[in-house]
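Commentary on secondary and tertiary structure
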Amino acid sequence: MAHSKRNEESIKKKLFQKVWRELRGSAKQGKISKDLSIAVQMMKRIHSLLERYPEILEAEHHQYIAKCLKYLGFNDLANSLDPTLIGDDKNKKKYSIDIGPARFQLQYMGHYLIRDERKDRDPRVQDFIPNAWQQELLDVVDKNESAVIVAPTSSGKTYASYYCMEKVLRESDVGVVVYVAPAKSLVGQVAATVENRFTKTLPAGRTLCGAFTRDYRHNVLNCQVLITVPECFEILLLAPHRQKWVERIRYVIFDEVHYLGREVGAKFWELLLVIIRCPFLVLSATINNPNLLTKWLQSVKQYWKQADKIMEEKCISEKQADKCLNFLQDHSYKNQSYEVRLVLCGERYNDLEKHICSVKHDDVYFDHFHPCAALTTDIIEKYGFPPDLTLTPQESIQLYDTMAQVWETWPRAQELCPEEFILFKNKIVIKKLDARKYEENLKAELTNWIKNGQVKKVKRVLKNLSPDSLSSSKDMVKMFPLLVEKLRQMDKLPAIFFLFKNDDVGKRAGSVCTFLEKTETKSHPHTECHSYVFAIDEVLEKVRKTQKRISTKKNPKKAEKLERKKVYRAEYINFLENLKILEISEDCTYADVKALHTEITRNKDSTLDRVLPRVRFTRHGKELKALAQRGIGYHHSSMYFKEKEFVEILFVKGLIRVVTATETLALGIHMPCKSVVFAQDSVYLDALNYRQMSGRAGRRGQDLLGNVYFFDIPLPKIKRLLASSVPELRGQFPLSITLVLRLMLLASKGDDPEDAKAKVLSVLKHSLLSFKRRRAMETLKLYFLFSLQLLIKEDYLNKKGNPKKFAGLASYLHGHEPSNLVFVNFLKRGLFHNLCKPAWKGSQQFSQDVMEKLVLVLANLFGRKYIPAKFQNANLSFSQSKVILAELPEDFKAALYEYNLAVMKDFASFLLIASKSVNMKKEHQLPLSRIKFTGKECEDSQLVSHLMSCKKGRVAISPFVCLSGNTDNDLLRPETINQVILRTVGVSGTQAPLLWPWKLDNRGRRMPLNAYVLNFYKHNCLTRLDQKNGMRVGQLLKCLKDFAFNIQAISDSLSELCENKRDNVVLAFKQLSQTFYEKLQEMQIQMSQNHLE
């Protein structure tokens, strides 16, 4: 202990001496000119010496620092440090920077200001000193507690995940930690990080890390760290015969949990949070109401605390010793705490500066955008400043100067002047926290101006802070390569350029590459890269000579080490030659070869050796490698996993420094950069996505300042993005018919019946939608009863709630409700047996005509993609008869009509009952103006009297909608149900398991189904499908793979259900599954060969 302390002191002294030498060097430079950059460097050293090495500083050091301050003109600061210092007026005039010390530090040193960080090391963390909130997270994991963690992007919240994994791995070889990623694109990256971070010797049959997505499964049930996505984790948790595995789970980590508030996929997140018994960590950078989320999760944990207590008491009272022992081992192995902590980190380590890009005279210009310019006086008055709208120290100075300029007699101008502000006065080291408090004082003062009637002055302040109107070109797309080049010249790379159309992502990257090719000159070879290769060649030659002298038998370890060394060096040269970096001028590539060289020589692995061959046969592989030569890449959801991984790895390694991408790259994928550019407007660019994407800017440990640029985004949209708060988490409707069926399957067939029932009750009781909302809970209870009634009618459950024959098949296809229920309905009616007739008697093969009809039916159920109504009347180059999917055969069509009618009647009855628990006070308000039309004050209104008279036959219909003559009968019409239903009932037509052959767009136009599945099956080709069917190749591949997966699932399920293995339906689905898979494989091989050519 004493030895390590002496070492630490020795290192500290060496660092002190280094900083001291740097200060003296910068002081000498400062005597030559009044260069502010030199003054900044001097003050940086002074800050470092006074803040980090106060115990080493002696009197002579203080005198020298005071002298430096005197040179800069900071007399008061110099005298506070050394009152005996004699003034030198001649030198003062010569070297003084003529700016007050507080203003100078805020204006020119804002991002250099020292952050308040802990100085005491934590033995649990080796690589860095954790912040207070990070230390609290480690305490949470050590105590087996749960936590909601809200911290900005790149703040280090993911570290707690790895500490949690390490704890579980250290405790035993049995425990499992599950990491739930928001998208499968993140699964591979996290799995690779886990594999590289941890090593452990495990018993035979067990592995360290596994992954589970819809199209990839690896060591799912025999790993200790499982990386998965919500929908796949839900499958494991609800599978009746996987509950023994579930009991092994020690911790669950939910990343990007704000997806709980989205319409798509939210139900998965909510179910997972309420059904798990073990502790959990919930991570997010963008939750607006974390207190509500924490309280809801705490209520869930209290339920589990009570449930565990009841189950334990029941075991003891029934004297079931073995069962009780198993229960205690399974659920109390870790002294689980039922507390849920809220851990907040509201401060980004690095500030973000916003800039607007304008095009003038065929050039790109940048204007700084002050965050306050996004606000209005109404916003400030009603809502105050958005909590995440923070200012850099420079922006605080700009705000103060503007306020003082607008109101010349401002009473508090002197008090809030930087040099007079109480936290800055005579302070040599102004810290980041001091600047943040100054910012808060300015915001509070501006708010007081509004309260005290100075609204016009505030409007002038906001107007003066706003940039001039944007100057743009008619064709901003052509200016995009110039934008990238300007950022390179300003040293703002690496950068991610966000767009929202997959096709544009590749096109923009290609345009930048073309721009570089046009400007390339052969007179500037990549000399830096050549020097690296030459240096590595010398190392290789030394290694070869050493190898000749060493006998492999006498010293095998050393020989093996030298062999690896030789391979690693050769790998780098091979990699550069493959990308042809050596032939490209330094000015014509954005690749950072120096960073790549450093990474490879420091990190001796074979990642880069594998990365090129993996994309050799992929669809975009050739194009991606050509772009990588120029330091460019692109990334979107329709790319193969290997292609996205190729771009991610090269970006992190430093070879690629310009990436065009869609919003999928903002889903927690570790690709930090110096700058983020929003290069395309879209309806998907909202407050939440803006914060997720902009959070990528500013690499901790590399950049003290992140940059956000807006290119071709309207100024009003920019202001809305900055001023809007992140939407609050609001629960979505949690139940569906299939989910209720799966819960009943779990309750009746679970490995542990008591545990299974407790999980089912937790799901039904703890919806976020119904949290502290009694009426919503009543609606959910009624929907549950409606679901049970329907499942019994459709013969999935018996009257006691136990599952029957086809429950498992419908449950297996749960991701396709209501198609799964309709499919089973067709199956039970014998329609598939009527269709699937063999080619001849006694044969087990089916004709092409039968197969095509079967594909037609299944495409109507499981290949549902709609054609927008606007394309139906367009002058298109293809035959609509081939693009629009044909209707179902007549017998199937009639059966679907009967099914829909029966379900619709039951659903309408449910709505009539549910309407009795509705809040009618809110219903008797006009939807937009919120004007009430009840009460004595409205008795004389003709409109009100008409609205209130509409009662007969209008129980579940909104009183306002009654004006259009709608009645309860309109609940049976699919095109009107969502428009006429009571607004506060909390239910929509999507909760009814109805299947229509078309869909209505927001203008009431019918959108038919796309025939892409049938076209592919008939022609086995994608070369023209993307043009004819209006779908991108990547989207087509994804949908066709999903369709193939469903056919395989149906075939397997039918084989298990049917005792007669020669049943025609079983054989037909087996033939179709095999044929479709072969066609898909053949097409993918053909595509790979075409790309190679």
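This text goes with the structure placed above it.
First, a word on what this report is: a plain description of the structure on this page. Note on numbering: residues in each chain are counted from 1, in written sequence order. Per-residue local features are limited, in this predicted model, to residues with pLDDT of at least 70; the limit for side-chain atom pairs, both in listing and counting, is 80 or more; totals at the level of whole chains, interfaces and linings are taken over all residues. Hydrogens and water molecules were not included; the side-chain quantities draw on all heavy atoms of the structure.

Here's the deal with the overall build of the protein chain
The helix and strand labels rest on DSSP assignments: H or I over at least four residues marks a helix, E over at least two residues marks a strand, and numbering proceeds from the N terminus. Tallying secondary structure elements over the protein chain gives 44 helices and 17 strands in all. To sort residues, take the accessible area from a 1.4 Å probe on protein chains only and compare it with the maximum for the residue type: under 20% means buried, over 50% means exposed, and anything in between is partly exposed. Counting over 1093 residues, the protein chain shows a buried share of 54%. In the protein chain, the share of contacts with a sequence separation of at least 24, taken over all contacts with a separation of at least 6, comes to 74%. Here the protein chain has roughly 52300 Å² of accessible surface; of this, 50% comes from carbon and sulfur atoms. Contact criterion: two residues are considered in contact whenever any of their non-hydrogen atoms come within 4.5 Å of each other. Areas reported here follow the Shrake-Rupley algorithm with a probe of radius 1.4 Å; residue values treat only the protein chains shown as occluding.

Here we look at the pairing of strand β15 (residues 705–711)
For β15, the tally of buried residues reaches 7 of 7 residues, placing the bulk of the element in the interior. Along β15, one buried face is formed by Leu705, Asn707, Tyr709 and Phe711 and the opposite face, lined by Gly706, Val708 and Phe710, is buried too. Think of it this way: DSSP has to see at least two bridges between two strands before they count as a pair. Summarising the sheet, strand β9 (residues 351–360) and β15 pair through 7 bridges and their orientation is parallel. Within the sheet, the bridge partner assigned to Ile356 lies in β15 and is Phe710. Relative to β15, strand β14 (residues 675–678) runs parallel, the two being bridged by 4 bridges.

Observations regarding the nonpolar core
What we call a nonpolar core is a set of buried Ala, Val, Leu, Ile, Met, Phe, Trp, Tyr and Cys residues that are connected through their side-chain atoms within 4.5 Å. Core analysis: the biggest nonpolar cluster contains 296 residues, and Phe254, Phe823 and Phe826 have the highest contact counts within it. Discounting chain neighbours no more than four positions away, the residues touching Phe254 are Val180, Trp269, Leu272, Leu273, Ile276, Phe280, Leu281, Val282 and Leu283. Counting 25 residues, the second largest nonpolar core, distinct from the first, contains Ala39, Ile56, Ala66 and Cys68.

With respect to the sheet that holds β9
Spatial strand order, β10-β9-β15-β14-β11-β13-β12: 7 strands in an open sheet with mixed pairing. The sheet is open, and its two edges are formed by β10 (363–369) and β12 (632–635), each paired on a single side. Pairs of neighbouring strands in the sheet enclose a mean axial angle of 25°, with direction left out of account. Lines fitted to C-alpha atoms define the axes here, with helix axes fitted over just the stretch in contact, and angles between the N-to-C directions of these axes take values from 0 to 180 degrees.

Overview of unusual backbone geometry
The step from Leu493 to Pro494 runs through a cis peptide bond, and the omega angle for that step is 5°. Its location among the elements puts Pro494 in the loop between α19 (480–489) and β11 (495–498). In the segment running from Glu817 into Pro818, the intervening peptide bond is cis, with an omega of 5°. Along the chain, Pro818 falls in the loop between α32 (807–812) and α33 (819–828). The backbone phi angle of Asp712 is positive, close to 65°, even though this residue is not glycine. Asp712 sits in the partly exposed class, given a relative accessible area of 37%.

Coordinates in, geometry out; function isn't part of it.
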